[in-house]
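Residue strings, one per chain:
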Amino acid sequence: MSEIYVVTSGKGGVGKTNLTVNLAIALGMAGSRVLVVDADLGMANVDVVLGSRSKTHLLNLLEDGTELSDVLQEGPYGVRYISGGSGIEKAAAFTYEERQRLMGKLSACAELADIILVDTGAGLGKNVMDFILAADEVVLVTTPEPTALTDAYAVMKAYSMYAAKPNMRLVVNRVYDEAEGLEVAEKLRKTSERFLHMEIQSLGAIYEDRTMIQAVRQQKPILEAYPDALAAKCIKAIARSMLYGEKVFIKKGWKSFLQYFLDFTR
C-alpha cells in the first residue's frame, strides 16, 4: 500500500515544489518507487523544476478516453509524475462527478508507487484543503519570514479543525544556521500544542543555498545538478527522516562557511 504525503504551504514562494521534486528523487535514490502528483493546478511548477513540458496533465483525466498511462511522465531516477498543467482555466473546485472520475482513474497509482507525493497549491483553497485532509501525512513547508510563519499557522489551524486524525510534519526552508531551523520548528510546535492541541514534529530544515537558485535557473532538480550541495544534503536527510525516522541536521562545513563569508548574496 502506498504512503501518501501531501506537501503544502501557507504562502507561495517558500520552496514547496522544489522540495517535493527533490525529495521524490532522494526517495527514489533510496530505493522507493515514487510518484509525484502536481495538484497545484494551472501552474505546472513540477514541470518547471524538472525542465520538461508535459503534453498531458491531471485534468486530462476528466476527458473520455484519457487514462492514467496517458498522463504519467518519467522523471530522473525512476520518479514518475503527473503534471498539473500550465495556464489551465479550470482550476476551481471539482464537481462531485469530476471527483468520482478522477478518483476512478487515479486509483491505479497505488499499484505503481511505494510513496506518492502530492504537491498542492499554497493557501487554503477548497481543492488544497481537500487534498490535505485526504492525506496520510501532511508536510508543511515554511521559511523563517514572519509572513510565511503566519500563513503556515493558518494552515495548521484549519487542518487541526477538520482533520479526523491530524498527522502533520514540518520542514523549515532557507535557514541560515542550525539554531534558526530549530528555533522556528520549536516555536511552531509549541504554538500548535498550546492553541490547537495538535502535535507537529519537524522533518528537518534546509539551508539557504545559492546553488538552489542556480539549479532552478537551469531547470534541473538540485539533486541532479548539484548532488553534493548543502541544500541537496539537507533534502537527503529529510528523506531519511521520512523513511527511517532519523533526525539529522546537516553541518555546513568549511566550503559553505566561505560561501557565506565571501559575499554569499552577490
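Right above here is the structure, for reference.
Residues numbered from 1 in each chain as written. Predicted model: local features only at pLDDT ≥ 70, side-chain atom pairs only at ≥ 80, totals over all residues. Heavy atoms only, no water.

### Observations concerning the packing of helix α7 (residues 146-162) against helix α8 (residues 178-196)
Going by this rule: All axes here are fitted lines through C-alpha atoms, helices being fitted over the stretch that makes contact, and every angle between N-to-C directions spans 0 to 180 degrees. Runs of H or I in DSSP of at least four residues are treated as helices and runs of E of at least two as strands, each being numbered from the N terminus. Two helices crossing with the near one rotated counterclockwise from the far one by less than a right angle form a left-handed crossing, whereas a clockwise rotation gives a right-handed crossing. Every residue pair with non-hydrogen atoms within 4.5 Å of one another is taken to be in contact. Residues are sorted three ways: Asp, Glu, Lys and Arg are charged, Ala, Val, Leu, Ile, Met, Phe, Trp, Tyr, Cys and Pro are nonpolar, and all the rest, Gly among them, are polar.
Relative to each other, α7 and α8 sit at 35°, their axes nearing to 11 Å. Relative to α8, the crossing made by α7 is right-handed. Contacts from Leu149, Tyr153, Met156, Lys157 and Ser160 in α7 reach Val184, Leu188, Thr191, Ser192, Phe195 and Leu196 in α8. The residue inventory of the contact of α7 with α8, partitioned by class, reads 7 nonpolar, 3 polar and 1 charged.

### Details of helix α9 (residues 210-217)
Heads up, the rule is: Classification of residues uses two cut-offs on accessible area relative to the type maximum, computed with a 1.4 Å probe and protein chains only: under 20% is buried, over 50% is exposed, and between them is partly exposed. For this quantity, the arc is that covered by the directions from the helix axis to the C-beta atoms.
Buried within α9 we find Thr211, Met212 and Ala215. Here the buried residues of α9 occupy an arc of 105° about the axis, which is enough to place them on one side. Buried residues along α9 sit against α1 (16-29), α10 (222-225) and α11 (230-244). Just downstream of α9 lies Gln219, where phi reads positive at about 55°.

### Describing the sheet that holds strand β2 (residues 34-39)
Adjacent strands of a sheet pair through backbone hydrogen bonds, lying either parallel or antiparallel. The criterion, for reference: Any two strands between which DSSP finds at least two bridges are classified as paired.
Spatial strand order, β3-β4-β2-β5-β1-β6-β7-β8: 8 strands in an open sheet with mixed pairing. Only two strands of the sheet have a single partner each, and these edge strands are β3 (72-74) and β8 (200-207). Averaged over neighbouring strand pairs, the angle between their axes works out to 25° when direction is ignored. The sheet contact formed by strand β7 (residues 168-175) and β8 spans 7 bridges and is parallel. Following the sheet pairing, Asn173 is matched in β8 by Ile206. Packing of helix α6 (residues 126-134) onto the sheet brings it into contact with β1 (3-9), β2, β5 (115-120) and β6 (137-142), and relative to β1 it is tilted by some 145°.

### As for the pattern of salt bridges
Under the convention used in this document: Counted as salt bridges are all cases of a side-chain nitrogen of Lys or Arg within 4 Å of a carboxyl oxygen of Asp or Glu.
Tallying each qualifying case throughout the model produces 8 salt bridges. Through salt bridges with shared partners, a single ionic network connects Glu186, Arg189, Lys190 and Glu193.

### Regarding the environment of Thr66
Within the secondary structure layout, Thr66 lies in the loop between α2 (45-50) and α3 (68-71). When the C-alpha positions of Thr66 and Lys105 are compared, they lie 8.9 Å apart, and in sequence the two are 39 residues distant. Setting aside residues no more than four positions away along its own chain, Thr66 makes contact with Asn60, Leu61, Val71 and Lys105.

### Regarding the layout of surface pockets
The following threshold applies: In this analysis the probe radius is 1.4 Å and the grid spacing 1 Å, with only protein atoms considered; a cavity is a set of points the probe fits into but cannot get out of, a pocket is an open set with protein on both sides within 12 Å along at least five of seven lines, and lining residues have an atom within 4 Å of a point. Grid points are joined across faces, edges and corners, and a volume is the space filled by probe spheres set on the points.
What the largest pocket holds in volume is close to 680 Å³. Forming the walls of the largest pocket are 21 residues, and the residues nearest its centre are Met103, Leu106, Val118, Phe131 and Ala134. Within the residue set of the lining of the largest pocket, elements represented by two or more residues are β1, α4 (96-106), α5 (109-112), β5 and α6. Its residues assigned to classes, the lining of the largest pocket shows 16 nonpolar, 3 polar and 2 charged. One number sums up the size of the second largest pocket: a volume of about 460 Å³. Along the wall of the second largest pocket there are 26 residues; nearest its centre are Val14, Gly15, Lys16, Asn18 and Arg174. By residue number, the principal contributor to the lining of the second largest pocket is α1, which donates 4 residues. For the lining of the second largest pocket, a count of residues per class yields 12 nonpolar, 8 polar and 6 charged.

### Side note on the nonpolar core
As a reminder of what qualifies: The nonpolar core is taken to be a set of buried Ala, Val, Leu, Ile, Met, Phe, Trp, Tyr and Cys residues, with the residues joined through side-chain atoms within 4.5 Å.
Judged by nonpolar contacts, the single largest core of 81 residues is most densely connected at Leu23, Leu117, Met168, Ile222 and Ile235. Counting residues per element, this core draws most heavily on α11, which supplies 8 residues. The contacts of Leu23, once residues within four sequence positions are left out, are Leu117, Ile235, Ile238, Ala239 and Met242.

### Focus: empty space enclosed by the protein
Tallied over the entire structure, the rule returns 1 cavity of 30 Å³ or more. The calculated volume of the largest cavity comes to roughly 30 Å³. Looking at the lining of the largest cavity, the elements that each hand over two or more residues are α1 and α2.

### Concerning the pairing of β5
For β5, the buried fraction is high: 6 of the 6 residues fall into the buried class. Covered by surrounding structure in β5 are Ile115, Leu117 and Asp119 together with Ile116, Val118 and Thr120, the residues of both alternating faces. Here β1 pairs with β5 via 5 bridges, running parallel. Note on β5: the bridge partner recorded for Tyr5 is Leu117. Across 6 bridges, the pairing between β2 and β5 is parallel.

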